[in-house]
Amino acid sequence: MKAKKTLTRRGFVAAVASAIAAGLAAASLWPVWEFLSPPKTREGQEQETAVVPLSNVGPGKAHFFEFQGHPSVVLQPSPGKFIALSAVCTHLGCIVEWRPREEIFFCPCHAGRFSPEGKVLGGPPPRPLPSYPVKVRKDQLIIG
Ligand code: FES
């Protein structure tokens with residue numbers, strides 16, 4: 001004998017309410033997920049070098065740019081010294097920000113801290129920020 005399972009009105013309403021709640025939860029979490037996710041790389045954006053005008057990177061200043069499809073940053077920590085790094089945190093891939101008063105790169109996602117050279121100073125990042133070679137050519141920085 002087969003037992004026939006019937007859906008009661010109460011069961012149907014509960015199922016619909018659960019589906020709506022799940023949809024609303026997913027819709028409200030999507031912007032948070034997008035914010036925390038690293039930017040997607042675009043195909044065809046691979047480049048061997050990046051060129052940044054020297055005037056964009058004053059002493060103590062950082063300039064963010066895209067290099068090989070990834071957020072990157074070049075910094076002049078002291079006059080005439082330039083450091084180029086990936087701006088993607090090595091913990092979960094958020095984008096670091098430059099804090100000139102503290103002279104650190106700070107990851108806003110989980111408070112990771114990096115030195116101007118990209119070394120881990122604190123927080124959860126497991127590795128330093130990858131670095132790129134930088135050359136000064138006339139009034140430009142050639143990175144990569
Ligand atoms: S993603 Fe940077 S500290 Fe977690």
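These numbers come from a predicted model, not from an experiment. (Residues numbered from 1 in each chain as written. Predicted model: local features only at pLDDT ≥ 70, side-chain atom pairs only at ≥ 80, totals over all residues. Heavy atoms only, no water.)

A. The environment of Pro71, seen in detail. Along the polypeptide, Pro71 turns up in strand 3 (residues 70–78). In the structure, Pro71 is positioned 17 residues away from Val88 in sequence and 6.4 Å away in space, judged by C-alpha atoms. (Helix = DSSP H or I, 4+ residues; strand = E, 2+ residues; numbered from the N terminus.)

B. Up close: the packing of aromatic side chains. Tallied over the full model, the rule gives two aromatic pairs. Their ring planes at 80° and their centres at 4.8 Å tell us that Phe67 and Tyr132 sit as a pair that is edge-to-face. One end of the pair, Phe67, is in strand 2 (residues 62–67); the other, Tyr132, is in strand 9 (residues 131–132), with 65 residues separating them in the sequence. Each member of the pair, Phe67 together with Tyr132, is buried. Seen from their ring centres, Trp98 and Phe105 are 4.8 Å apart, and the 55° between their planes marks the pair as tilted. No difference in accessibility class separates Trp98 from Phe105, as the two residues are buried. (Phe/Tyr/Trp six-rings, centres within 6.5 Å; stacked < 30°, edge-to-face > 60°. Buried < 20%, exposed > 50% of the residue type's maximum accessible area, 1.4 Å probe, protein only.)

C. The arrangement of the sheet that holds strand 11 (residues 140–143) in detail. Strand order across the open sheet formed by three strands is 1-11-10, with antiparallel pairing between neighbours. If you trace the sheet from one side to the other, it starts and ends with strand 1 (50–53) and strand 10 (134–137), each paired once. Each strand of the sheet is rotated relative to its neighbour by a mean of 25°, with strand direction disregarded. Inspection of the sheet shows strand 10 paired to strand 11 by four bridges, in the antiparallel sense. Along strand 11, the bridge assignment pairs Val136 with Leu141. (Pairing = 2+ DSSP bridges. Axes fitted to C-alpha atoms, helices over the stretch in contact; angles between N-to-C directions.)

D. Spotlight on the pairing of strand 2. Taken together, the six bridges between strand 2 and strand 3 define a ladder with antiparallel strand orientation. When the sheet's bridge partners are listed, His63 is paired in strand 3 with Val74. Two successive antiparallel strands, strand 2 and strand 3, enclose a turn made up of two residues, where Gln68 displays a positive phi of approximately 55°.

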